[in-house]
Amino acid sequence: MVEIAGTGVTLRQLQILREVVRTGSERAAAKALDITQPAVSQQIKQLETLLGVQLFMRDKGRLVPTAQAMTLFRDADATFVQMERIARTVSSLKGIDSDTIGIAAPHVFSLRLLPDAIRMLRSRQPVAAVHIKSGTYREVTDHVLEGRADLGLGRLPLDENVFDWRPMTTATNVCIFHPEHRFARKDLIRPEDLVGEPLADIEPQMQSHLMSENAIRYMGAEPHLAIQVDVIGQEVSFVAAGLGISSSNTFAARQAACFNVEIRPFEPSALYHYVVFWQKGRYLGPMLQEAVNVLVACAQDADLPAGTKAPDG
């Protein structure tokens, strides 16, 4: 086993520690690593002896990592993620393209864009599996940067020293509401229309959502955040239930085709630039190149979902 810089600690022990932390049990870690549970227990005990600290506490049958274990886990996890990335790059350079792809994107794009893109990709390439990582735009960039995903869907600006990207589409602000809402009689929603309306929105962090809320404050009223969610896209189901209105942009709102909602442009508006991105300088094999092509093609599908009304012009 490979020992780390004369410490007595081996890569195998760190790999086992990593899996125990990730799974919460020795049995699950053993299954993930295809070894026996006693082997996992033995390696953890040896690691605790080497370090002179307790790494796990037992709580109702689950192993809870101590602060010392989490300190070691964070460095070990980053190391193994980087090693996995190197393995994928080496395989690509040798012409051995992986049949598994990791894509990170806000949850809302799992409603329409990603299913359409994966269906198209599988018709062109022998994709065995696609691993989806969800999160905020910041979390999506972290997934790609730390190697948990090959590609990410996000918005500019991105750090050009860290990422490469291809443009997908641009978007402007819209308002989403139930078809029976009074907004259905309007072609354009303005700040004064939002005063007094219950909002079903994500936590106050996204630019498009803050724009609507700040527009209400500009009108001399305080926004009524009736439904607050923490995942981009969750708010649409509450809008479809008639529990409030929401703000978004044309690209994200297009994902809501499966919900009974309507969409109208909102002014004043901002312009959002969506991209598919990956780690700077990473070699993309044929499978990933085609995945990028498919994501861009699906994003540029300009058809609005049923139940929406496109802005004039």
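Reading the values: the criteria
Residues numbered from 1 in each chain as written. Predicted model: local features only at pLDDT ≥ 70, side-chain atom pairs only at ≥ 80, totals over all residues. Heavy atoms only, no water. Axes fitted to C-alpha atoms, helices over the stretch in contact; angles between N-to-C directions. Helix = DSSP H or I, 4+ residues; strand = E, 2+ residues; numbered from the N terminus. Parallel < 35°, antiparallel > 145°, perpendicular 65-115°, else oblique. Contact = heavy atoms within 4.5 Å. Nonpolar A, V, L, I, M, F, W, Y, C, P; charged D, E, K, R; others polar. Buried < 20%, exposed > 50% of the residue type's maximum accessible area, 1.4 Å probe, protein only. Polar contact = N/O pair within 3.5 Å; in protein donor to acceptor, adjacent residues only side chain to side chain. Phe/Tyr/Trp six-rings, centres within 6.5 Å; stacked < 30°, edge-to-face > 60°. Core = buried A, V, L, I, M, F, W, Y, C linked by side-chain atoms within 4.5 Å. Pairing = 2+ DSSP bridges. pLDDT = per-residue confidence, 0-100. Arc of directions from axis to C-beta.

A. Here's a closer look at the packing of helix α2 (residues 26–33) against helix α3 (residues 37–51). Two numbers describe how α2 lies on α3: the axes approach to 8 Å, and their chain directions differ by 110°. Between α2 and α3, the angle falls in the class roughly perpendicular. Taking contact as the criterion, the partners of E26, R27 and A30 in α2 are, on α3, Q37, V40 and S41. Residue classes in the contact of α2 with α3 are distributed as 2 nonpolar, 2 polar and 2 charged.

B. Quick look at the environment of R282. Mapped onto the elements of the fold, R282 is located in the loop between β11 (271–279) and α11 (286–299). We classify R282 as buried; its relative accessible area is 9%. Along the sequence, R282 and D150 sit 132 residues apart, while their C-alpha atoms lie 9.4 Å from each other. Within the local environment of R282, its side chain forms a polar contact with the side chain of D150, the two groups lying 2.9 Å apart.

C. Structural context of the environment of A29. One can find A29 in helix α2. Owing to a relative accessible area of 0%, A29 belongs among the buried residues under this scheme. Measuring from C-alpha to C-alpha, the distance between A29 and V40 comes to 7.5 Å, with 11 residues separating the pair along the chain. In this structure, A29 is in contact with E19, V20 and T23, ignoring residues within four places of it in sequence.

D. Looking closely at the packing of aromatic side chains. Here the structure, examined in full by the defined rule, presents 6 aromatic pairs. Note on Y137 and Y274: the rings are 6.4 Å apart at their centroids and 55° apart in plane angle, and the pair reads as tilted. One end of the pair, Y137, is in helix α6 (residues 137–145); the other, Y274, is in strand β11, and 137 residues separate them in sequence. Look at Y274 and you get buried, because its relative accessible area is 2%.

E. Layout of the nonpolar core. In terms of nonpolar packing, the biggest core is built from 37 residues, with F109, L153, M168 and Y274 touching the most fellow members. Counting residues per element, the ones that place at least two in this core are β3 (100–104), α5 (113–124), β5 (151–155), β6 (163–177), α10 (250–253), β11 and α11. Among the elements that line this core, the one with the most residues is α11, at 9 residues. Those residues in contact with Y274 that lie beyond four places of it in its chain are F109, Y137, G154, R155, P167, M168, T169, A171, N249, F251 and A252. The next biggest cluster of nonpolar side chains, apart from the first, holds 19 residues, and it includes V21, A30, L47 and L63.

F. Representation of the pairing of strand β1 (residues 56–59). Judged from the 4 bridges that link them, β1 and strand β2 (residues 62–65) form a sheet pairing that is antiparallel. Paired with R58 across the bridge in β2 is L63. Connecting the antiparallel pair β1 and β2 is a turn made up of 2 residues, with K60 showing a positive phi of about 55°.

G. Representation of the environment of F259. Its location among the elements puts F259 in the loop between α10 and β10 (262–265). A relative accessible area of 23% means that F259 is categorised as partly exposed. C-alpha separation for the pair F259 and S237, spaced 22 residues apart in sequence, amounts to 7.0 Å.

H. Examining the confidence of the model for the protein more closely. Looking at the protein, pLDDT values average 86 and 89% of them are 70 or higher. Taken as a whole, residues 302–313 scores under 50 in pLDDT and shows 19 contacts with residues more than four places along the chain or in a different chain.

I. Spotlight on α6. Buried within α6 are the following residues: Y137, V140, T141, H143 and V144. Considered in projection along α6, the buried side chains sweep an arc of 155° and stay on one side of the axis. Looking at the buried side of α6, the elements it contacts are β3, β4 (129–133), β5, β6 and β11. Note on α6: the residue one or two positions beyond its end, G147, has a positive phi of about 85°.

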